[in-house]
Amino acid sequence: MKREALVGLARVCARAARGAEGPLLAELRKALRSKVPPTLLREALLQTYLFAGFPRAITALTLLDREVPSAGTLREKPKTSAEWRRRGIRLCRAVYGSDFPALMRNMTRAHADLADWILVEGYGKTLSRPFLSLRERELIVVPTLAALGAWRQLPSHLKGALRAGASAREVAEVLRGSRGAVPPAAVRRALGQVEPSRRRIVR
């Protein structure tokens, strides 16, 4: 995917996470004028439910449907819960690397069901979907988390983008390209974490 299209997806998802419909609609229209494929806009917005909740994802997808009623929906063949879980474990390990066991312990401590939901719903059903690469998804997630001020979660997804093949320069470029959709102060704070995340990653 071209960098311009990726930045367009990141900006739209960041706006969707923040929730204001007027700026989101303007961002959607800008992305469509820039020839960002509506099917990929729909796919990228689908994953925002993991970070910003169903209400904001539904609002964003509804606005897109009003602008492009014919935008296709990319569908996967249904899988069993066990298949989703196996796929989720593989992807979550790829994103978290050696931090995966600690993540599972912490999530289980927070709530007995949370770790399983993260694996099945988050990584198995949603982030493992084949229509965007893991690298593309993580480059979209980083500005979304910055827009939400989700500073506890951001470092893991910064490292996830790097583990998925993005360079620190690419992460920084997508963050800078998202300025405005993401508050400038949040962009600066996120940029300050890019290089430390690169240095801490263990390959």
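Residues numbered from 1 in each chain as written. Predicted model: local features only at pLDDT ≥ 70, side-chain atom pairs only at ≥ 80, totals over all residues. Heavy atoms only, no water.

**Describing the pattern of salt bridges**
Tallying each qualifying case throughout the model produces 15 salt bridges. Across the pair Arg 11 and Glu 27 runs a salt bridge whose closest N-O atoms are separated by 2.8 Å. With Arg 11 in helix H1 (residues 3–18) and Glu 27 in helix H2 (residues 21–33), the pair connects residues that are 16 residues apart, well separated along the chain. The burial state of Arg 11 is the same as that of Glu 27; both residues are buried. Across the salt bridge formed by Glu 27 and Arg 15, the nearest N and O atoms sit 3.4 Å from each other. (Salt bridge = Lys/Arg side-chain N within 4 Å of Asp/Glu carboxyl O. Helix = DSSP H or I, 4+ residues; strand = E, 2+ residues; numbered from the N terminus. Buried < 20%, exposed > 50% of the residue type's maximum accessible area, 1.4 Å probe, protein only.)

**Brief notes about the packing of H1 against helix H3 (residues 38–46)**
The interhelical angle for the contact between H1 and H3, taken along N-to-C directions, is 45°, at an axis separation of 10 Å. Here H1 is positioned oblique relative to H3, judged by the angle of their axes. The crossing of H1 and H3 is right-handed. Along its contact with H1, which presents Leu 9, Val 12, Cys 13 and Ala 16, the element H3 presents Leu 40, Leu 41, Ala 44 and Leu 45. By residue class, the composition of the contact of H1 with H3 is eight nonpolar, no polar and no charged. (Axes fitted to C-alpha atoms, helices over the stretch in contact; angles between N-to-C directions. Parallel < 35°, antiparallel > 145°, perpendicular 65-115°, else oblique. Left-handed = near helix turned anticlockwise from the far one by under 90°. Contact = heavy atoms within 4.5 Å. Nonpolar A, V, L, I, M, F, W, Y, C, P; charged D, E, K, R; others polar.)

**What about the side chain of Glu 76?**
Structurally, the position occupied by Glu 76 is in the loop between helix H5 (54–67) and helix H6 (81–96). Within the local environment of Glu 76, its side chain forms a polar contact with the side chain of Lys 79, the two groups lying 3.5 Å apart. Among the polar contacts listed, one links the side chain of Glu 76 to the side chain of Arg 87, at a separation of 2.8 Å. Not counting residues within four places of it along the chain, the set of residues in contact with Glu 76 comprises Trp 84, Arg 87, Lys 125, Arg 129, Pro 130 and Phe 131. (Polar contact = N/O pair within 3.5 Å; in protein donor to acceptor, adjacent residues only side chain to side chain.)

**A short note on the side chain of Glu 136**
Relative to the elements of secondary structure, Glu 136 occurs in helix H9 (residues 134–148). Summary of buried charges: Glu 136 has no salt-bridge partner, and the nearest side chain of opposite charge, Arg 135, is 4.6 Å away. Not counting residues within four places of it along the chain, the set of residues in contact with Glu 136 comprises Met 1 and Leu 6. (Lys, Arg positive; Asp, Glu negative; His and termini not counted.)

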